[in-house]
Amino acid sequence: MTTHPPAYSHLLAELRRLDRLSSSLGILFWDEQTNMPPKSAQLRGEQTAALSELVHRESTRPEIGELLAKLKEADLDEDAAAVVREARKAYNRATCLPGEYVARAAAARSAGFHAWVEARKDNDFAQFAPHLEAQIDLAREGAHYQGATDVYDHLIDSFDPGMTSAIIDPLFAELEEGIRPILGTILGSERGVDPSLFKGFPEDKQEVFLREVVTAFGFDFGRGRIDRAIHPFCGGHPEDTRMTTRYDSDNPLDSITSAMHETGHALYEQGLNREFAGTALGSSVGMAVHESQSRLWENQVGRSRAFWRHWEPRYRELFPEQLAPLSSADLHLAINRVAITPIRVDADEVTYNLHILLRYQMERDLFSGKLTVKDVPAAWNARSAEILRFTPQTDREGCLQDVHWSEGLFGYFPSYTLGNLLAAQLWYRLQEDLPDVEAQIGRAEFTPLLEWLRNHVHSLGRRYYTQTFAQKVTGSPLTPQPLLRYLRERYLPLYSN
Ligand code: ZN
């Protein structure tokens, strides 16, 4: 066993303490979305602000800087070197930001979010424009303090370490070209099921089904929960993972697929090395790898014929009358429904990536100066017509639909599609080790799949950044071809007339 310098164990203790402090914010947020009484919002806002300030102060303490300085020349093994590298990156990023800037950015995020809610309601981009302008300026200012050479790349890196637009540009171009003919075949097909046939699915029975699936996937309810919220999400901590879902009696498939998606995130969290939570050894790589886990369980597993071979009888047992008019083939088509929708969060897995390409191009041009805020609605609509072959009728179903920009989250959108690329790469890679995985899924045996992900993905923590991670685990950096192959294999047989 390697002996580490004393400064290393002190650093680990500091990081553990910071992890405990900052993850409390996640539990507060979860509570706000699920249980908090309506009149407590003001208090919760103040609690969150006070705790955020404390977390920032504690994570920028000079003592941590001193430990990092002591470890600069230390001879460390690969794991310890990764811990120090990530701790230094986080410390530098946090200490570069003046306290005045942090407070101003937090206030602007809150104002931006409320302005966006109002602007979207009123379908009036002009109300939101000055806030978007302010968010872009703040993002530039923050990147400048942190010594970024390219602002947009710096923002992307904060969600997916090591990722840049120079890497993303050709990936997305190749993906778009490959999706086009697949989508053409699907949209030209006469096959499909009317979604309005799914009506009157009682929520309590939906919940029974969903909990059975989530349990079978391997979610540990001993250190995690699933509750109801308006927006499905997964948060909390590897020791205490909080998922949410929603139910709609006339849209039952949404709650299943959302829950499978969030379970994928949760299984990743629960599979991280808990002893080292808050360090490179016990953290996720970034958003793309996180999203690869949610998409793999939702799409490659949850929308497959194999999965439904086992679960369809149980689903029919719970909803005999509701499902009576639908054949097995109908149910499968409905689960794999593809349509051009104005709203990203309603999109299927074929068209979803086109929504992301549109947002990525918009962000890239906003930060390069090619596009100004006042031209956002027109540019959005023109790009939508080109990429999605759909022109939004209102800004509400166009450039005002997503919350991200109102809170200064730029560079986040690409992660969704990068996660889809990685999910498909992992899917084909894991079948080399688990040739029977589809048969196992057909018997609701998910342990071999989860074990493979535990060993090859979850246990790696953030030792490697996205591209190196993809290379090490799948044998290739991110590439669009496996996703295109998967989409062809999944959708062309379903939609060939
Ligand atoms: Zn997700």
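Residues numbered from 1 in each chain as written. Predicted model: local features only at pLDDT ≥ 70, side-chain atom pairs only at ≥ 80, totals over all residues. Heavy atoms only, no water.

Enquirer: Please explain the coordination of the zinc ion as it appears in this structure.
Expert: In an ideal octahedron of six donors the angles at the metal are 90 or 180 degrees, and in an ideal tetrahedron of four donors they are 109.5 degrees. With distances of 2.1 to 2.4 Å, the protein atoms coordinating the zinc ion are His261 (NE2), His265 (NE2) and Glu291 (OE). Going along the chain, you hit the donors of the zinc ion in the pattern H-x3-H-x25-E. In this pair, His261 and His265 are both assigned in helix α10 (residues 252–271), four residues apart and thus about one turn of the helix distant. Note on accessibility: His261 and His265 belong to one class, buried. (Donors = N, O, S within 2.8 Å, 3.2 Å for Na, K, Ca; no water. Helix = DSSP H or I, 4+ residues; strand = E, 2+ residues; numbered from the N terminus. Buried < 20%, exposed > 50% of the residue type's maximum accessible area, 1.4 Å probe, protein only.)

Enquirer: When you look at the nonpolar core in this model, what are you seeing that I'm missing?
Expert: One broad trend across soluble globular proteins is that nonpolar side chains are buried collectively. Val301, Phe307 and Tyr315 are the most contacted members of the largest nonpolar core, which has 120 residues in total. When residues of this core are assigned to domains, at least three map to each of domain 1 (6–148) and domain 2 (165–494). Excluding residues that lie within four positions of it along the chain, Phe307 makes contacts with Val213, Phe217, Met260, Val301, Gly302, Ile441 and Phe446. Of all hydrophobic cores here, the second largest spans 17 residues; its members include Ala80, Val83, Val84 and Leu281. (Core = buried A, V, L, I, M, F, W, Y, C linked by side-chain atoms within 4.5 Å. Domains from an automatic or database assignment. Contact = heavy atoms within 4.5 Å.)

Enquirer: Is there a simple way to explain the sheet that holds strand β1 (residues 224–228) in this structure?
Expert: In a beta sheet, neighbouring strands pair by backbone hydrogen bonds and run either parallel or antiparallel. One open sheet accounts for three strands, arranged β1-β3-β2; its pairing is mixed. Strands with a single pairing partner mark the edges of an open sheet, and in this sheet they are β1 and β2 (234–237). Across the sheet, the mean angle separating the axes of adjacent strands is 20° when strand polarity is ignored. When β2 meets strand β3 (residues 240–245), the two strands line up antiparallel, connected through four bridges. Across the sheet, the residue bridging to Gly235 is Arg242, located in β3. Strands β1, β2 and β3 of the sheet are contacted by helix α1 (residues 6–34), whose axis makes an angle of about 25° with β3. (Pairing = 2+ DSSP bridges. Axes fitted to C-alpha atoms, helices over the stretch in contact; angles between N-to-C directions.)

Enquirer: Explain the pattern of salt bridges here, please?
Expert: A side chain of one charge can pair with a side chain of the opposite charge when the charged atoms of the two come close. In this structure the tally under the stated criterion is 39 salt bridges. When the shortest N-O distance is used, the salt bridge between Glu53 and Arg57 registers 3.9 Å. With Glu53 and Arg57 both in helix α2 (residues 41–59) and four residues apart, this pair spans about one turn of that helix. Ionic pairing is found between Arg93 and Asp157, a salt bridge with its closest N-O pair at 3.0 Å. Of this pair, Arg93 sits in helix α4 (residues 78–96) while Asp157 is found in helix α7 (residues 151–159), placing the two residues 64 residues apart along the sequence. Taking relative accessible area as the criterion, Asp157 reaches 15% and is therefore assigned buried. Where salt bridges share partners, they join Glu14, Arg17, Glu58, Arg61 and Glu63 into one cluster. (Salt bridge = Lys/Arg side-chain N within 4 Å of Asp/Glu carboxyl O.)

Enquirer: What am I meant to see in the environment of Arg274 here?
Expert: You can see Arg274 is positioned in the loop between α10 and α11 (287–301). Overall, Arg274 belongs to the partly exposed group, its relative accessible area being 31%. Taking the C-alpha atoms as reference points, Arg274 and His237, 37 residues apart in sequence, are found 9.0 Å from one another. Setting aside anything within four residues of it in sequence, one finds Arg274 in contact with Arg223, Pro238 and Glu239. Within polar-contact distance, the side chain of Arg274 engages the side chain of Glu239 at 3.3 Å. (Polar contact = N/O pair within 3.5 Å; in protein donor to acceptor, adjacent residues only side chain to side chain.)

Enquirer: Honestly, the side chain of Arg463 in this entry has me stumped. Any pointers?
Expert: With respect to the element layout, Arg463 can be found in the loop between α19 (447–456) and α20 (466–474). Accessibility expressed as a relative area gives 18% for Arg463, which makes it buried. There is a polar contact of 2.8 Å between the side chain of Arg463 and the side chain of Asp79. Polar contacts involving the side chain of Arg463 include one to the main-chain carbonyl oxygen of Ser459, which spans 3.2 Å. Leave out the neighbours within four places in its chain, and Arg463 touches Asp79, Ala82, Arg85, Ala280 and Leu281.

Enquirer: Looking at this structure, I do not really get the packing of aromatic side chains. What am I missing?
Expert: Both the distance between ring centres and the angle between the ring planes are used here to describe each pair of aromatic rings. A complete count under the given rule lists 30 aromatic pairs for this structure. These aromatic residues form a ring-pair network of at least three members: Phe198, Phe201, Phe209, Phe217, Trp297, Phe307, Trp308, Trp311, Tyr315, Phe319 and Phe446. Over the face of the ring belonging to Trp30 we find Arg242, whose NZ or CZ atom lies 4.3 Å from the ring centre. The ring of Phe413 has Arg359 sitting right over it, with the charged end atom 5.6 Å from the ring centre. (Phe/Tyr/Trp six-rings, centres within 6.5 Å; stacked < 30°, edge-to-face > 60°. Lys NZ or Arg CZ within 6 Å of the ring centre and 35° of its normal.)

Enquirer: Can you help me understand the domain arrangement of the protein in this one?
Expert: Split by domain assignment, the protein resolves into domain 1 (6–148) and domain 2 (165–494). One C-alpha centre belongs to domain 1, the other to domain 2, and the line joining them spans 26 Å. Here domain 1 and domain 2 share an interface that buries about 3,400 Å² over both sides, 63% of which is from carbon and sulfur atoms. If you sort the residues of domain 1 by the area they bury against domain 2, Trp30, Asn123 and Phe125 come out on top, with a joint share of 19%. Our count for the contact surface shared by domain 1 and domain 2 stands at two salt bridges. Among the salt bridges present, the one from Glu86 reaches Arg462, with a minimum N-O distance of 3.3 Å. The tally of links from domain 1 across to domain 2 stands at 16 residue pairs in polar contact (both at pLDDT 80 or more). Those elements that place two or more of their residues in the side of domain 1 that touches domain 2 are α1, α4, α5 (99–122) and α6 (125–145). The element contributing the most residues to the side of domain 1 that touches domain 2 is α1, with 11 residues. (Buried area = accessible area lost by both parts, 1.4 Å probe.)

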